Amino acid sequence: MAAKKAKATNTVALSKDQFKDAIVKHLRSTCGTDEARANNQAWWKATCAAVNELVFDRLTETSKANADKDSRAVHYLSLEFLMGRLTVNNMHNVGVFGAARDALADLGKDVNDICDEEPDMALGNGGLGRLAACFIDSLATLNYPAVGYGIHYEHGLFRQEIQGGRQIERPDSWREYGNPWEICRPESIQEVPLYGYVETVFGEDGKMRKVWHAGRQIKGVPWDIPVVGYEAKTVNVLRLWESKAADFFDWDVFNAGGYIDSQSEKSQAEAVSKVLYPNDESEAGKELRLIQQYFFCACSLKDIIRRYKRNHSDFSQFSKQAVIQLNDTHPTVAIPELMRILIDEEGLVWDDAWKICTETFAYTNHTLLPEALEKWAVYLFEKVLPRHLEIIYEINRRFLEDEVEAKWPGNDEMKRHLSIIEEGETRMVRMAYLCVVTCFKTNGVAAMHSELVKEDLFPEFYELWPERFVNVTNGVTPRRWLLACNEQLANMYNETVGTDWPRKLDELKGAAKFADDAKFQKNFMAIKREKKVELADKIEELCGIKVSPDAMFNVLIKRLHEYKRQHLALLHILALYRRLLENPDYDMGPQVFIFGSKAAPGYKLAKDIIYAINKVADKVNNDPRIKDKLKVVFMPNYRVTLAEKLFPAGDVSLQISTAGYEASGTGNMKFALNGALTLGTMDGANVEIREEVGDENIFIFGMDCDEVKALKAAGYNPWDYYYGNPELKAVLDWLETDFFTPGAPGELASIKHSLLEGGDPYLVLADFESFTTQYTAVDVAYRDQKKWAKMAIINSASVGKFNSDRSIEDYVDRIWKLEKVMPN
Ligand code: Z16
């Protein structure tokens, strides 16, 4: 593969020759090999070591500046950070990509091959985890003091293999052979108590105190990942906690039980950070998951407090110095943990501790799906975190007796309704309620979603505290999602609008005036075609399927979920296939449908949908009757690194969730930025993309949120649509035959059943006709390449709003109130 003739970013921190010397030096001194013997893995590590000389220097300068200024900082607590690969991104951000590429070329190595050695850091499931990764990139780029806190999972999201059309999960071992980007910080180890009981003691002063006698202790070992801002002024850290057996246990207690017992204790402690839970929108309710949550919150709070105490002798300034953002409810247990530390360990009275908590925490909500709203059984809490349960009870008692009683006097029904504790056979702690009751701000992630958070999810809380609810629309980092993944388009923009756009993405607007320019259109479409050729090669390599780069590339890449409606796209594909079989002259341009998606391992229907896509693909791709007019591809193991090839190559971005269910979406933004047109519903951030690109440059279909609610209220009956549309009936019935699964009729029937007997909870059938109709319009538009080019250019040039830097500035304005700190 030839090295890309990309132009490097502006700052050149090292020349090619200096970089060459550094790589060779590190091959020897860091990797213990030399140019003649090194394999690509060693070349990669030596290259990273060369980059790290610059990165670690900036890291040190940044921490020095923050310590000197004692500045207010945000602490972004997230169980997920979906970082992907770091090498290319970091080289771009420190401004040595060009030098590194040329140095490696001189040494006879291709930068792409070398960087392909890096495993993805897949410590997240999907949008929420990738958002966290974009946000820490933007925080560093904007020079805000910030720390990301999370878990140092040994295994990230599972690797997906497809065998016989079905998903198989394999462990992901991203750091098996060492990772050059992480630094262990044993000097900052923390101890975390678990289990045990609470004792009430009365001091000599007659005051009551609570003492938690933990039944166990584990330790948290911090690993720091440098987060390199664009042009590398600031390098912040992502601090990830690894669990280990506490020394205390190995020696004092478990010596009695013998060496073998202490080994099993050790593996139990290490189990805490062993693996990421692979459920994206539903909660398993597993004890180990609760322990994971508490483990990283406890470590992170101790870390924050330790740093605060360097400059302060009491807690009066704490909420001025620290703001803690809870990424979804996953880190909610940080709230009772901070209360416990302040009251039990630091001796504050309840009211003072509570005031600090209500001024420190803020909460981001990412979903309205009821099954994704976390609840923890009271009995589990009592077992694992007995003191925290007491504190939650007390928070709840005061909330109900003071605030709810004042607003709705004597209304027991309202108290039951708003209680942080849900009554019933199994009493549950409602984590989202605990967040809203405590946090000074609660935000949704797109304008429409934030309205629904107020109106549908927390209406009474909104009545109590309207000022607490805000919107911050999501964004994506243009450094990774344009500059690094689409060098060709990046270079074209450099020449058209200058080189400031990776920070000021609005500047791309300057290219919109060329949307009608024939030459510009030609160049723009040539780049799109180049990216499609690259993807087509990858498809052939991974799937053995040949697709034409001249066909329209329809791409649907995201986690598999009924509400995201991958099966709606599948029904449409079946309809097209049927039309082609019935009428060989059916008027349609060549189309490729490309899917990429992981299903939660326990989500049966989601796995059935993957299987169905693969079975339909087998049949369609090998049917000579349709003359290559239709191809279906399921790309295995969708992840950040594959996404970087897919977003630049898409013509049509499928964003087809049931209106009201996709909180925001962020893939929609990445596609538009790279010049794909959206075919989508009025949901999440699609609504705002439409506002930016204009109604004439987006294809909207289906019911809007109000129509969805109205249809559900009126009593939705999927059978009406089944009998009302012969084509829909035919494709659904097709799924029950053995046409796609020879000899095994019914293998795909679960999809049909979920949509009929199952009640079709996400209104797939109700939106089918609108979807296929609108698709015809997309096909017609695509065949007018000049018109399409114009629309694609306008899309790409108009989505500056979705820069995650803008999201971060909104968080700073509306929630965090930070000041920039410029390191030396
Ligand atoms: C997740 O990725 C999201 C929500 C959620 O409750 C759990 C997970 Cl793992 C997603 C939303 O579905 C998506 O709409 C949104 O863009 C993303 O979070 C980031 O806010």
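Where an unreviewed UniProt entry is consulted, the chain appears under the name Alpha-1,4 glucan phosphorylase, with the organism given as Agarivorans aestuarii. Within the UniProt record for the chain, the comment given under Cofactor (unreviewed entry) is "pyridoxal 5'-phosphate". Under the UniProt heading Catalytic activity (unreviewed entry), the entry covering the chain gives this text: "[(1->4)-alpha-D-glucosyl](n) + phosphate = [(1->4)-alpha-D-glucosyl](n-1) + alpha-D-glucose 1-phosphate".

Draft legend 1. How the structure looks around the packing of aromatic side chains. The full count for this structure, using the stated rule, is 37 aromatic pairs. For the pair Phe739 and Phe740, a centre-to-centre distance of 5.0 Å together with 80° between the ring planes defines the contact as edge-to-face. Put simply, the rings of Phe399, Tyr433, Phe458, Phe461, Tyr462, Trp465 and Phe469 touch in pairs and so form one group of aromatic residues. Of note, Arg166 hangs over the ring of Tyr611, and the distance from its end group to the ring centre comes to 3.7 Å.

Draft legend 2. Inspection of the site of the ligand at higher detail. Contacts to the ligand come from 16 residues, most closely from Leu128, Glu281, His366, Glu662 and Gly665. With respect to the ligand, the side chain of His366 contributes an N or O atom lying 2.6 Å from an oxygen atom. Between the ligand and Ser664 there is a distance of 3.0 Å, counted from an oxygen atom to a backbone nitrogen or oxygen. Class assignment for the residues of the shell around the ligand results in five nonpolar, seven polar and four charged. Shared between two domains, the shell around the ligand takes at least three residues from each, and those domains are domain 1 (293-302 + 319-471) and domain 2 (545-799).

Draft legend 3. Representation of the domain arrangement of the chain. As far as domains go, the chain holds domain 1 (293-302 + 319-471) and domain 2 (545-799). The C-alpha-based centres of domain 1 and domain 2 are spaced at 38 Å. Counting residues at the interface gives twelve residues for domain 1 and 16 residues for domain 2. For the pair domain 1 and domain 2, the two sides together bury roughly 870 Å², of which 63% comes from carbon and sulfur. For the domain 1 face of the interface with domain 2, the top three residues by lost area are Leu369, Ala446 and Met448, together amounting to 52%. Taken together, the links from domain 1 to domain 2 amount to one salt bridge. A salt bridge links Asp456 to Lys709; its shortest N-O distance comes to 2.8 Å. Summed over the shared surface of domain 1 and domain 2, the result is two residue pairs in polar contact (both at pLDDT 80 or more). Split by residue class, the side of domain 1 that touches domain 2 holds seven nonpolar, three polar and two charged.

Draft legend 4. Structural view of the pattern of salt bridges. Summed over the entire model, instances satisfying the criterion amount to 71 salt bridges. The partner of Arg185 in a salt bridge is Asp224, and the shortest N-O contact between them spans 3.0 Å. Of the two residues, Arg185 sits in the loop between strand S7 (183-184) and strand S8 (190-194) while Asp224 sits in strand S11 (residues 216-228), which places them 39 residues apart along the sequence. Asp224 sits in the buried class, given a relative accessible area of 2%. Across the salt bridge formed by Glu413 and Arg416, the nearest N and O atoms sit 2.8 Å from each other. Taken together, the positions of Glu413 and Arg416, both in helix H14 (residues 412-418) and three residues apart, correspond to about one turn of that helix. On the basis of relative accessibility, which here comes to 48%, the residue Arg416 falls in the partly exposed class. Here the residues in one salt-bridge network are Arg185, Asp224, Arg239, Asp303, Arg306 and Arg307, joined through shared partners.

Draft legend 5. Representation of the packing of helix H1 (residues 16-29) against helix H4 (residues 97-106) within the structure. Running from N to C, H1 and H4 point in directions that differ by 65°, and their axes come no closer than 8 Å. Seen along the crossing, H1 lies across H4 with a hand that is right-handed. Between H1, through Lys16, Phe19, Lys20 and Ile23, and H4, the contact on the second element is made entirely by Ala99, Ala100, Asp102, Ala103, Leu104 and Asp106. For the contact of H1 with H4, the class distribution of residues is six nonpolar, no polar and four charged.

Draft legend 6. Highlighting the pairing of strand S9 (residues 197-202). The pairing of S9 with strand S10 (residues 208-213) spans six bridges and is classified as antiparallel. Along S10, the bridge assignment pairs Thr200 with Lys210.

Draft legend 7. Local environment of helix H3 (residues 87-94). For H3, a buried count of seven out of eight residues is recorded, marking the element as mostly surrounded by other parts of the structure. Buried residues along H3 sit in contact with helix H2 (40-69), H4, helix H5 (111-115), helix H6 (127-141), S11 and helix H18 (478-484). Two residues or fewer after H3 comes Gly95, characterised by a positive phi angle close to 80°.

Draft legend 8. Focus on unusual backbone geometry. Of note in this structure, Asp70 is not a glycine but carries a positive phi near 45°. Its place among the elements puts Asp70 in the loop between H2 and strand S1 (73-77). Residue classification places Asp70 among the partly exposed residues on the basis of a relative accessible area of 27%.

Draft legend 9. Fine view of the nonpolar core. Counting 283 residues, the largest nonpolar core has Leu571 and Trp816 as the members making the most contacts within it. In terms of residues, this core owes the most to one element, helix H8 (residues 287-309), which gives twelve residues. The residue makeup of this core includes at least three contributed by each of domain 1 (293-302 + 319-471) and domain 2 (545-799). With residues up to four places along the chain from it excluded, the contact list for Leu571 reads Leu728, Val731, Leu732, Leu735, Leu755, Val764, Leu765 and Phe768. With five residues, the next largest nonpolar core counts Leu369, Tyr563, Tyr661 and Tyr762 among its residues.

Draft legend 10. Expanded view of the sheet that holds strand S24 (residues 677-680). Read from one edge to the other, the open sheet built from six strands follows the order S22-S21-S20-S23-S24-S25, with strand pairing classed as parallel. Each end of this open sheet is capped by a strand with a single partner; those strands are strand S22 (630-635) and strand S25 (699-700). With two bridges joining them, strand S20 (residues 552-557) and strand S23 (residues 652-655) adopt parallel strand pairing. Bridge pairing links Val555 to Ser653 in S23. Its contacts with the sheet put helix H31 (residues 785-798) on S23, S24 and S25, and the angle it makes with S24 is roughly 90°.

Draft legend 11. Main features of the environment of Asp116. With respect to the helices, strands and loops of the structure, Asp116 is situated in the loop between H5 and strand S3 (121-123). In the structure, Asp116 is positioned 73 residues away from Trp43 in sequence and 11 Å away in space, judged by C-alpha atoms.

Draft legend 12. Geometry of the sheet that holds strand S17 (residues 428-430). Taken together, three strands build an open sheet; the order of strands is S15-S17-S16 and the sheet is antiparallel. A single partner strand is all that each edge strand has here, and the edge strands are strand S15 (375-377) and strand S16 (421-422). Across two bridges, the pairing between S16 and S17 is antiparallel. When the sheet's bridge partners are listed, Ile421 is paired in S17 with Val429.

Draft legend 13. Structural detail: helix H32 (residues 804-816). With 13 residues, H32 extends just 15 Å between its outermost C-alpha atoms, more than 12% less than the 18 Å of an ideal straight helix rising 1.5 Å per residue. With ten of 13 residues buried, H32 is to be regarded as a mostly interior element. Listed in full, the buried residues belonging to H32 are Ser804, Asp805, Arg806, Ser807, Ile808, Asp810, Tyr811, Val812, Ile815 and Trp816. For H32, the capping residue at the N-terminal end is Asn803, with a side-chain oxygen 2.9 Å from the backbone nitrogen of Asp805. Looking one or two residues past H32, Lys817 carries a phi angle of roughly 50°, positive in sign.

Each value, and the rule that gives it
- Residues numbered from 1 in each chain as written.
- Predicted model: local features only at pLDDT ≥ 70, side-chain atom pairs only at ≥ 80, totals over all residues.
- Heavy atoms only, no water.
- UniProt positions renumbered as here; feature names shortened; annotations may be inferred.
- Phe/Tyr/Trp six-rings, centres within 6.5 Å; stacked < 30°, edge-to-face > 60°.
- Lys NZ or Arg CZ within 6 Å of the ring centre and 35° of its normal.
- Near = heavy atom within 4 Å.
- Polar contact = N/O pair within 3.5 Å; in protein donor to acceptor, adjacent residues only side chain to side chain.
- Nonpolar A, V, L, I, M, F, W, Y, C, P; charged D, E, K, R; others polar.
- Domains from an automatic or database assignment.
- Contact = heavy atoms within 4.5 Å.
- Buried area = accessible area lost by both parts, 1.4 Å probe.
- Salt bridge = Lys/Arg side-chain N within 4 Å of Asp/Glu carboxyl O.
- Helix = DSSP H or I, 4+ residues; strand = E, 2+ residues; numbered from the N terminus.
- Buried < 20%, exposed > 50% of the residue type's maximum accessible area, 1.4 Å probe, protein only.
- Axes fitted to C-alpha atoms, helices over the stretch in contact; angles between N-to-C directions.
- Left-handed = near helix turned anticlockwise from the far one by under 90°.
- Pairing = 2+ DSSP bridges.
- Core = buried A, V, L, I, M, F, W, Y, C linked by side-chain atoms within 4.5 Å.
- Expected span 1.5 Å × (residues − 1).

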